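Examining the three-dimensional arrangement
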Amino acid sequence: MIYNLQSASKLASYKLLSNTVVPRPIAWVSSVSKQGVVNLAPFSFFAPICSSPVIFSLALTMKSSGEKKDTLKNIEDTKLASISLPSFKNAKLMELSGTELEYDKSEASEFGIELFSPLAAFPPIAKSVDVAYFCELEDILSFSPGNFSVFLRAKEAYIRDELYSDSLKFELDSIGRVGKGFTDCILKNI
């Protein structure tokens, strides 16, 4: 079967991509509103697209209400975001943080997610994460109404001291998305 993407609905295209481009890493993105409210949200349409400079892409759609997602509003306003790479110890809280809340409510406060700020100039991250990137907005493109590609330039990286090695070779117990389920991204028994 040839599936015509030109005439497919947005939802159909999303379902096709989310179930075929797997596994995908998950970014746990923190941003802060102009009012100081911390937003935490998981994104599985996320990828590094350049290593020098380090650039990440996030694909965002609208909230179910048709409004812009809090992450997008915050990045547009502050030009900053922190991208954490969650592991299985973060899975439950990460999933909860995907719940749509009102713009002035923080997922961290709502779900008891303890935060810390390794770099005061950037949004705080969940205290339990092992790796995070502190990013500035590079660009936002919209290829169709309600769909946004956000490009973030990493300025600094956080690696938990217990994990770090000078060689930068370490195992990270990252979560990846496989269709509707999660997978451990570490290749076992290699």
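For the structure itself, look to the data block above.
Attention here is on the structure that accompanies the text. Predicted model, so just to flag it, every value in this text is computed and none were measured.

1. Observations concerning the nonpolar core
- Residues Val-29, Phe-46, Leu-58, Ile-83, Val-150 and Leu-152 are the most contacted members of the largest nonpolar core, which totals 20 residues.
- Breaking this core down by element, the ones donating at least two residues are strand S2 (27-32), strand S3 (38-43), strand S5 (54-60), helix H2 (70-78), strand S6 (80-84), strand S9 (131-144) and strand S10 (147-159).
- Ranked by residue count, the leading element in this core is S10, at four residues.
- If you look at the next biggest cluster of nonpolar residues, it comprises 16 residues, including Met-94, Ile-113, Phe-122 and Ile-175.

2. Concerning the side chain of Asn-39
- Its place among the elements puts Asn-39 in strand S3.
- On the accessibility criterion, Asn-39 (5% relative accessible area) is buried.
- In this structure the side chain of Asn-39 is engaged in a polar contact, spanning 2.9 Å, whose partner is the side chain of Thr-71.
- Reaching out from Asn-39, the side chain makes a polar contact with the side chain of Glu-107 at a distance of 3.1 Å.
- Setting aside residues no more than four positions away along its own chain, Asn-39 makes contact with Val-29, Ser-30, Ser-31, Asp-70, Thr-71, Asn-74 and Glu-107.

3. Digging into the state of the cysteines
- Within this structure, the stated rule accounts for zero disulfides.
- The cysteine Cys-135 is free of any disulfide, with Cys-50 supplying the nearest cysteine sulfur at 13 Å.

4. Focus: the packing of aromatic side chains
- If you walk through the whole model with that rule in mind, you get four aromatic pairs.
- For the ring pair Phe-116 and Tyr-158, a centre distance of 5.5 Å and an interplane angle of 75° mean the geometry is edge-to-face. Linking Phe-116 in strand S7 (residues 115-116) with Tyr-158 in strand S10, this pair joins segments that are 42 residues apart in sequence.
- When the ring of Phe-122 is compared with that of Phe-134, the centres are 5.8 Å apart and the planes differ by 50°; the resulting orientation is tilted. Residue Phe-122 is located in the loop between S7 and strand S8 (125-126), and its partner Phe-134 is located in strand S9; the two are separated by 12 residues in the primary sequence. A single burial state applies to Phe-122 and to Phe-134, both of which are buried.
- One aromatic cluster is present, formed by Phe-46, Phe-56 and Tyr-133 through successive ring pairs.
- Here Lys-73 stacks its cationic end above the ring of Tyr-103, 4.3 Å away from the centre of that ring.

5. What about the side chain of Ser-84?
- Structurally, the position occupied by Ser-84 is in strand S6.
- Owing to a relative accessible area of 2%, Ser-84 belongs among the buried residues under this scheme.
- Residues contacting Ser-84, with those up to four places away along its chain left out, are Ile-26, Ala-27, Trp-28, Ile-125, Val-129, Val-131 and Ala-132.

6. Points about unusual backbone geometry
- Residue Pro-53 is bonded to the preceding Ser-52 through a cis peptide linkage, with omega at 0°.
- Looking at the element boundaries, Pro-53 is found in the loop between strand S4 (46-51) and S5.
- We note that Lys-79 has phi near 70°; this positive angle belongs to a residue other than glycine.
- Note on placement: Lys-79 falls in the loop between H2 and S6.
- Overall, Lys-79 belongs to the partly exposed group, its relative accessible area being 43%.
- Even without glycine at this site, Leu-168 takes up a positive phi of about 60°.
- Along the polypeptide, Leu-168 turns up in the loop between S10 and strand S11 (175-178).
- Residue classification places Leu-168 among the exposed residues on the basis of a relative accessible area of 52%.

Conventions we followed
Residues numbered from 1 in each chain as written. Predicted model: local features only at pLDDT ≥ 70, side-chain atom pairs only at ≥ 80, totals over all residues. Heavy atoms only, no water. Core = buried A, V, L, I, M, F, W, Y, C linked by side-chain atoms within 4.5 Å. Buried < 20%, exposed > 50% of the residue type's maximum accessible area, 1.4 Å probe, protein only. Helix = DSSP H or I, 4+ residues; strand = E, 2+ residues; numbered from the N terminus. Polar contact = N/O pair within 3.5 Å; in protein donor to acceptor, adjacent residues only side chain to side chain. Contact = heavy atoms within 4.5 Å. Disulfide = S-S within 2.5 Å. Phe/Tyr/Trp six-rings, centres within 6.5 Å; stacked < 30°, edge-to-face > 60°. Lys NZ or Arg CZ within 6 Å of the ring centre and 35° of its normal.

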